[in-house]
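# Summary of the model geometry
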Amino acid sequence: MRALEDVIADMVENSGRTLTAIAAEIGKHKSALSRELSPYDAGAKLGVESLVPLMRACRSVAPLEALAGFMGYGLRPLGGEPDGRSMEDECLQGYEAVTDFIKAARAGRHYTDLMPRLRAALKELEDVVVRARDRDSGAG
């Protein structure tokens, strides 16, 4: 298991961007970020509140994948663009897809019939989350 510090250092090194550009994007001085990333400087460590901006600046989720892996989990991105016209439409689609899945399960449908219904329900619920993320980040 690789140390998280190694994963973060590799992410920065392999980002194709200079440390100066990364530091400027996340609002830190280059020297401060350099100290925070250094395995030899015990006096400065990268704070968790800096990790998401750093991943965005490096255009990588490698540390997030490593953290999930350390805990026995995996990641998958939220898929696609929501297809409803509004949050209300997305919620209704999610409700209907979950209802369809539950009705099929209660009716004793074979698991091979339940799997596509489950995927459809998850997709619709993810659309709700994507729409909420966009709303809350000011993107939509």
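Described below are features of the structure shown in this document. (Residues numbered from 1 in each chain as written. Predicted model: local features only at pLDDT ≥ 70, side-chain atom pairs only at ≥ 80, totals over all residues. Heavy atoms only, no water.)

## What about the overall build of the protein chain?
When helices and strands are counted, the protein chain shows seven helices and zero strands. At 21 Å, the protein chain has a C-alpha radius of gyration far larger than the 14 Å of a compact globule built from 140 residues. For the protein chain, the C-alpha atoms occupy an extent of roughly 60 × 35 × 25 Å along the three principal directions. Per-residue burial over the protein chain gives 30% buried out of 140 residues. Long-range pairs, those at least 24 residues apart, make up 56% of the contacts in the protein chain with a sequence separation of at least 6. (Helix = DSSP H or I, 4+ residues; strand = E, 2+ residues; numbered from the N terminus. Rg over C-alpha atoms; globule rule 2.2 N^0.38 Å. Buried < 20%, exposed > 50% of the residue type's maximum accessible area, 1.4 Å probe, protein only. Contact = heavy atoms within 4.5 Å.)

## Here we look at the packing of helix 1 (residues 4-13) against helix 5 (residues 62-70)
For the pair helix 1 and helix 5, the least separation of the axes is 9 Å and the interaxial angle reads 160°. Accordingly, the angle class assigned to the pair helix 1 and helix 5 is roughly antiparallel. Remark: the crossing between helix 1 and helix 5 carries right-handed chirality. Every residue of helix 5 that contacts helix 1 at Leu-4, Val-7, Ile-8 and Met-11 is listed here: Ala-62, Pro-63, Ala-66, Leu-67 and Phe-70. (Axes fitted to C-alpha atoms, helices over the stretch in contact; angles between N-to-C directions. Parallel < 35°, antiparallel > 145°, perpendicular 65-115°, else oblique. Left-handed = near helix turned anticlockwise from the far one by under 90°.)

## Focus: the packing of helix 2 (residues 19-26) against helix 4 (residues 48-58)
Viewed as axis vectors pointing N to C, helix 2 and helix 4 meet at an angle of 130°, and their least axial separation amounts to 9 Å. What the angle tells us is that helix 2 and helix 4 run oblique. The hand of the helix 2/helix 4 crossing is right-handed. Touching Ile-22, Glu-25 and Ile-26 of helix 2 are Pro-53, Leu-54, Arg-56, Ala-57 and Cys-58, all from helix 4.

## Here we look at the pattern of salt bridges
Applying the stated criterion across every chain yields a total of eleven salt bridges. Arg-109 serves as the salt-bridge partner of Asp-113, at 3.0 Å between the closest nitrogen and oxygen. One network of salt bridges, with partners in common, ties together Asp-100, Arg-109, Asp-113 and Arg-117. (Salt bridge = Lys/Arg side-chain N within 4 Å of Asp/Glu carboxyl O.)

## Here we look at unusual backbone geometry
Phi is mostly negative for residues that are not glycine, and the peptide bonds are mostly trans. Not every positive phi belongs to a glycine, and Arg-59 is a case in point at roughly 55°. Residue placement: Arg-59 occurs in the loop between helix 4 and helix 5.

Function cannot be inferred from these measures alone, as they are strictly geometric.
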